[in-house]
Amino acid sequence: MKNIPYLPMIVDGRPYDTDQRLQVINPATEDVVAVVPRATREDLDAAVESSRIAFASWRMVPMEVRQQAVVALADAITDHVEMLAKLLVAEQGKPLADAKEEILNSAIMCRLAATMTLPVTVLEDTSERRVEVRHLPLGVVAAISPWNFPVFLPLWKVVYAILAGNTVVLKPSPYTPLTMLKICALAQGILPPGVFNIVTGDDELGPWVTEHPGIDRISFTGSTATGRKVMAGASATLKRVTLELGGNDAAIVLDDVDLDVVVPRIFWAAFSNNGQICMAAKRIYVQDGIYERFRDALAAYARQIRIGDGMTEGVQLGPIQNRPQYERVKALIEDAKMQGLTFVNWDAPLPSDGKGYFIPITIVDNPPDDARVVTEEAFGPVLPLLRFTTDEEVIERVNDTAYGLAGSVWTKDIQRGRALAEKFEAGVVWVNEALYLTPFMPFCGHKDSGIGVEGGMEGLLEYTNPQSLVIRKSA
Ligand code: NAD
């Protein structure tokens, strides 16, 4: 029998074990990649206690030293990119090149975030009085993360939290805990014990985290449905919460675009990571005059994409990450078939051994606005193309959703593009661009896509409480 690796949790600077186990499945082969601990409430208590103790001294560590630690973490991640990327492919399914990109981008994010400093704002400085606003860390932050970007998304939380002087307990997705277990182990040579702990478990662990009285703040990324439960769970102990939730982002393609340039960009805006990106383009509105040409060019581009095991050379899209999500995406496609909708491209070849959670690229030709493929977030390779005529009409249809994460406009007319972009009810809007973020940009869902901010100075400050300090100069 094959020897299946075991990766322990990390608590208080050391590997930490417990009796029960969880299996991590490779979505391309359905084989077990590794087993990890399934934490009990007592294990979570131990992690929180360790982080509480560490907070007392970490909050006193000067900002420059915290910044240096984050840069050292970036170096350690970069030094181990090959090992980490292979593990990421095995647990998540994405192609090896994409896995390396996620890990190296995470290291870049660490380095850039470490250039930020908590500001001290002087509101008044007279002979009589000085008034300034400082920012104090909150305490123990719990980071709860999903399976689509198992390294970038949790690190985004961990790094900003510890830069601001907090300590962290990370709960990764039960589907993809492995690469962050390794990264957390690497971090132990850099950070004092307890500053960064990681606990693994299944979906019962999440509610224990949100209700835990020793945790001060929850930074959550995941679905809108779970986000509601997180907020409810955090209410009894009045925890601060940031919720980065689902999206159903629209892209508007105006009729002046150069199709050769824009079609590949829209394809990757929609299908990168197999559509499993919160801010992927999930509804494409194409203007009348170019609709057929755009549709046929997108289908032709899609036909030459190679789908398969992320470790196979030349593969561009991997499997859906886990079985429940695979079943959800298949059900959405089934519903579209039952509704009699037209599919543009239904003949993409899939790996032939019948293993793995593979779904072909599925483009739906001008479905009605109330079709489930339009109104729901697929989080898979399913994309509706929708025909529109005027700018006023399209922006109304774009905003007719409970979501408000991101969106894009594609045109040679920058002024017209900007005018449309400004009307999006969404946290990030791009003109002739997609999926572009920097660590200095605030990322925040509007409407049901979230509460609070991740990234940027706004995101850093969310890991703090402001303190107004008033000093009367004459005693
Ligand atoms: P999910 O909501 O099922 O799970 C996210 C995390 O929450 C996991 O770690 C899970 O174990 C945990 N969890 C589950 N139930 C919980 C509970 N009751 N209390 C606390 N934690 C609980 O989401 P997913 O399927 O892992 O990820 C896909 C979703 O995430 C999509 O909707 C996607 O749009 C969204 N997402 C959003 C962003 C963003 O930044 N806005 C980024 C990536 C993904």
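What counts, and where the lines are drawn
Residues numbered from 1 in each chain as written. Predicted model: local features only at pLDDT ≥ 70, side-chain atom pairs only at ≥ 80, totals over all residues. Heavy atoms only, no water. Helix = DSSP H or I, 4+ residues; strand = E, 2+ residues; numbered from the N terminus. Rg over C-alpha atoms; globule rule 2.2 N^0.38 Å. Buried < 20%, exposed > 50% of the residue type's maximum accessible area, 1.4 Å probe, protein only. Contact = heavy atoms within 4.5 Å. Areas by Shrake-Rupley, 256 points an atom, 1.4 Å probe, with all protein chains shown as cover. Lys, Arg positive; Asp, Glu negative; His and termini not counted. Charge placed at Lys NZ, Arg CZ, Asp CG, Glu CD. Axes fitted to C-alpha atoms, helices over the stretch in contact; angles between N-to-C directions. Parallel < 35°, antiparallel > 145°, perpendicular 65-115°, else oblique. Left-handed = near helix turned anticlockwise from the far one by under 90°. Expected span 1.5 Å × (residues − 1). Pairing = 2+ DSSP bridges. Near = heavy atom within 4 Å. Polar contact = N/O pair within 3.5 Å; in protein donor to acceptor, adjacent residues only side chain to side chain. Phe/Tyr/Trp six-rings, centres within 6.5 Å; stacked < 30°, edge-to-face > 60°. Lys NZ or Arg CZ within 6 Å of the ring centre and 35° of its normal. Disulfide = S-S within 2.5 Å. Core = buried A, V, L, I, M, F, W, Y, C linked by side-chain atoms within 4.5 Å.

(A) Focus on the overall build of the chain. The number of helices and strands found in the chain is 15 helices and 19 strands. Compactness check: the chain gives a C-alpha radius of gyration of 23 Å against a globular reference of 23 Å for 475 residues, within 12% of the reference. If you line up the chain on its principal axes, its C-alpha atoms span 75 × 70 × 40 Å. Out of the 475 residues in the chain, the part that is buried amounts to 56%. Residue pairs at least 24 apart in sequence account for 73% of intrachain contacts in the chain once pairs closer than 6 positions are excluded. When the accessible surface of the chain is summed, it comes to about 19,300 Å², and 53% of that surface belongs to carbon and sulfur atoms. The distance from the centre of the 45 positive side-chain charges to the centre of the 60 negative ones in the chain is 3 Å.

(B) Layout of the packing of helix H2 (residues 63-79) against helix H4 (residues 96-113). The contact between H2 and H4 brings their axes to 8 Å, and the two run at 165 degrees. In terms of orientation, H2 lies roughly antiparallel with respect to H4. The two elements H2 and H4 meet at a crossing, and its hand is left-handed. Mapping the contact onto sequence places Val70, Ala74, Asp75, Ile77 and Thr78 in H2 and Ile103, Leu104, Ala107, Cys110 and Arg111 in H4.

(C) Up close: helix H5 (residues 152-163). Between its terminal C-alpha atoms H5 stretches 16 Å, which fits the 16 Å expected from 12 residues at 1.5 Å a residue. For H5, a buried count of 12 out of 12 residues is recorded, marking the element as mostly surrounded by other parts of the structure. Three or more residues of H5 are buried, namely Phe152, Leu153, Pro154, Leu155, Trp156, Lys157, Val158, Val159, Tyr160, Ala161, Ile162 and Leu163. Just beyond H5, the residue with positive phi is Gly165, at close to 100 degrees.

(D) Region of interest: the sheet that holds strand S19 (residues 464-472). Strand order in the open sheet made by the three strands is S5-S6-S19, with antiparallel pairing throughout. In this open sheet, the two edge strands, each paired with only one partner strand, are strand S5 (121-125) and S19. Taken pair by pair, the neighbouring strands of this sheet meet at an average axis angle of 20 degrees, ignoring direction. Of the strand pairs in this sheet, S5 and strand S6 (residues 129-137) are connected by four bridges, and their pairing is antiparallel. Each residue of the ladder has a partner; that of Glu124, found in S6, is Val131.

(E) Broad picture of the site of the ligand. The local shell around the ligand holds 30 residues, among which Ser145, Asp203, Thr226, Leu245 and Glu377 are the closest. Between the ligand and the protein, one listed contact pairs an oxygen atom with a side-chain N or O atom of Trp147 at 2.9 Å. Within the contact set of the ligand, an oxygen atom lies 2.7 Å away from a side-chain nitrogen or oxygen of Thr226. Taken by itself the ligand offers 850 Å² of open surface, and the protein chains cover 91% of this. For the shell around the ligand, the elements supplying multiple residues, two or more each, are helix H7 (205-211), strand S10 (217-221) and helix H8 (224-235).

(F) Region of the structure containing the sheet that holds strand S14 (residues 362-365). Pairing is parallel across the open sheet formed by six strands, whose spatial order is S14-S15-S13-S12-S16-S17. Only two strands of the sheet have a single neighbouring strand rather than two, namely S14 and strand S17 (428-431). Going from strand to strand, the sheet's axes swing by 20 degrees on average, the running direction of each strand aside. One ladder, built from five bridges, connects strand S12 (residues 249-253) with strand S13 (residues 281-287); its direction is parallel.

(G) Quick look at helix H6 (residues 178-187). Within H6, seven of the 10 residues are buried, which leaves it mostly tucked inside the rest of the structure. Turning to H6, its buried residues are Leu178, Thr179, Met180, Leu181, Ile183, Cys184 and Ala187.

(H) How the structure looks around the packing of aromatic side chains. Applying the stated criterion to the full structure yields seven aromatic pairs. Between the aromatic rings of Phe152 and Trp156, the centroid separation amounts to 5.5 Å while the plane-to-plane angle is 50 degrees, which identifies the pairing as tilted. On the criterion of helical spacing, the pair formed by Phe152 and Trp156 is a turn pair, its members being four residues apart in helix H5. The exposure class assigned to Trp156 is buried, which follows from its relative accessible area of 4%. Put simply, the rings of Phe267, Trp268, Phe271 and Tyr301 pair up and form one aromatic cluster. Sitting over the ring of Phe149, Lys94 keeps its end group 3.9 Å from the ring centre.

(I) Region of the structure containing the state of the cysteines. Under the criterion given, the structure shown has zero disulfides. The thiol of Cys110 is not disulfide-bonded; the next cysteine sulfur, from Cys184, is found 13 Å away. When its relative accessible area of 0% is taken as the criterion, Cys110 is described as buried.

(J) Region of the structure containing the nonpolar core. With 69 residues, the main nonpolar core has Leu155, Val159 and Tyr160 as its most contacted residues. For this core, the element with the highest residue contribution is H5, accounting for 10 residues. Dropping the residues within four chain positions of it, Tyr160 is found in contact with Met109, Ala113, Met116, Pro439, Gly455, Gly456, Gly459, Leu460 and Tyr463. In this structure, Ala28, Val257, Leu259 and Ile305 belong to the second largest nonpolar core, which totals 31 residues.

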